[in-house]
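Structure assessment
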Amino acid sequence: MKIAPFETEHFFARYEFNTPYQLCNSDCESISIQELLSLSGDSLENFGQERLIYTESQGNAELRAGIANTYSNVSAEDIVVLGTPVEGIYLAARTLLDPGDEVIVLSPAYDALTRMFEHVAGSSMVKRWCFRPGEDSWELDLDELRELISNKTKLIVVNFPHNPTGYLPCRDFLNTLLGLAEQHGLYVFCDEMYFGLVQPGTEPLPSAADVSPRAIALSGLSKTYGLPGLRCGWLVIQDRQLLEQFMNWKFYTSICPPGPVEYLSTAALRIWETLRDRNIARIAKNLAVADDFFERWPAVFTWRRPRAGSTALIGWDVPSVEKISHELATGEGILVQSGRMLGSDDQHMRFGFGRDSFPEALSRFEDWLSSDSTAR
Ligand SMILES: Cc1ncc(COP(=O)(O)O)c(C=O)c1O
């Protein structure tokens, strides 16, 4: 059966490796294998001794213990290490849904968090819980969620911190959401790929898996820890029977994690707070640069500053961000992404603040903006 195009990944496949000035990446600055090993007290020589055998299907025990250590109420037995983070979304859609089940998803959202569920449940069974533009930030309304829940609802899919809006709920909001799920016997699939990337002044949010056994959390090393090339992701599933059902699907997709990835991921988890804090500082610096930029262009852009995560969804008063984005990529080597691809509209774009090159890319974008009257 055909599936809708994964627009974000098609767009990045086309431009990510041929545009020098990128403004819309969701990952954070990466480091080399050598630097990772040396920061974590290990060496390339030890890594070189790794034998390339099959690994434990649920994930290496030391790695799972390292992952569990980043949560408060989660044990190594609750973790399933994946072949890639995005695989976790596929497994969730396959494992949690039966024919006739309804799903509630956030909108806008990372493509897979809507399209995968539409593919498995059928488009008409997927309802959208939409972000609303507030004065200074994007907002979600729990009353709207209550209205979407029906007796067919099986699953709520959320993503906090949120890509692309940078939204992060407060603790009470998360507790109420998880309480609603428990009350109605629903699962909550919580994509926490940006877990812990919280700007100073915003209250950090616990993992949904630390709060409720009905929550299945997805996380990984791609965003918060700046290691997207490792392709390390995991699920937290506290119900043993459900975990076994996820494992059954995983045997059809990746079987077991790659050994070299597990080795390097175990090293990364020894220094997870250092890796995370470096990226929080990087994003804070880039957000300050963005604040100044948007202050200079108040009539052109609507800036809703993200509370968390690495991205923001920015209003741009032009007929089509998408049309401009292709022209900018091919003509100027500058990469911006239309919000339309993520389920927003073509008068919004995503920015990403996790890269060291952000200020230079923004300055190139501003030079182009100053010289091109159609964009203002
Ligand atoms: C919310 C969200 N979930 C999952 C993923 C997938 O992560 P990965 O590309 O590391 O598989 C992404 C990547 O952009 C994302 O933004």
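For clarity, every value in this text was computed on a predicted model and none was experimentally measured.

Concerning the site of the ligand
- Of all residues adjacent to the ligand, which total 13 residues, the nearest are N163, D191, Y194, S222 and K223.
- In the model, an oxygen atom of the ligand is placed 2.8 Å from a nitrogen or oxygen of the N163 side chain.
- K223 is positioned such that a nitrogen or oxygen atom in its side chain is 2.6 Å from an oxygen atom of the ligand.
- Out of a free accessible area of 390 Å², the ligand has 94% covered by protein chains.
- For the ligand, the cavity whose grid points lie within 2 Å of the majority of its atoms is the largest pocket.
- Looking at which element gives the most residues to the shell around the ligand, the answer is helix α5 (residues 85-96), with 3 residues.

Details of unusual backbone geometry
- The peptide bond linking S107 to P108 adopts the cis configuration, its omega dihedral lying at 0 degrees.
- Assignment of secondary structure puts P108 in the loop between β3 (102-107) and α6 (112-121).
- A cis geometry characterises the amide bond from F160 onward to P161, with omega recorded as -15 degrees.
- Inspection of the secondary structure puts P161 in the loop between β7 (153-159) and α8 (171-184).
- Unlike most non-glycine residues, R231 shows phi in positive territory, near 60 degrees.
- Examined against the element boundaries, R231 turns out to sit in the loop between β9 (215-220) and β10 (233-236).
- For I255, which is not a glycine, the phi torsion comes out positive at approximately 65 degrees.
- With respect to the helices and strands, I255 occurs in the loop between α10 (240-253) and α11 (259-270).

Quick look at the domain arrangement of the chain
- Taken domain by domain, the chain consists of domain 1 (7-31 + 274-368) and domain 2 (52-271).
- Relative to domain 2, the C-alpha centre of domain 1 lies at a distance of 24 Å.
- Taken together, the contacts link 34 residues of domain 1 with 37 residues of domain 2.
- Buried area between domain 1 and domain 2, summed over both chains or domains, comes out near 2,900 Å², and the portion from carbon and sulfur atoms is 52%.
- Contact with domain 2 buries surface across domain 1, with L275, R304 and R307 losing the most and accounting together for 27% of the total.
- Our count for the contact surface shared by domain 1 and domain 2 stands at 2 salt bridges.

Cut-offs applied
Residues numbered from 1 in each chain as written. Predicted model: local features only at pLDDT ≥ 70, side-chain atom pairs only at ≥ 80, totals over all residues. Heavy atoms only, no water. Near = heavy atom within 4 Å. Polar contact = N/O pair within 3.5 Å; in protein donor to acceptor, adjacent residues only side chain to side chain. Areas by Shrake-Rupley, 256 points an atom, 1.4 Å probe, with all protein chains shown as cover. 1 Å grid on protein atoms, 1.4 Å probe; cavity = no way out; pocket = protein on both sides within 12 Å on 5 of 7 lines; lining within 4 Å. Sits in = over half its atoms within 2 Å of the grid points. Helix = DSSP H or I, 4+ residues; strand = E, 2+ residues; numbered from the N terminus. Domains from an automatic or database assignment. Contact = heavy atoms within 4.5 Å. Buried area = accessible area lost by both parts, 1.4 Å probe. Salt bridge = Lys/Arg side-chain N within 4 Å of Asp/Glu carboxyl O.

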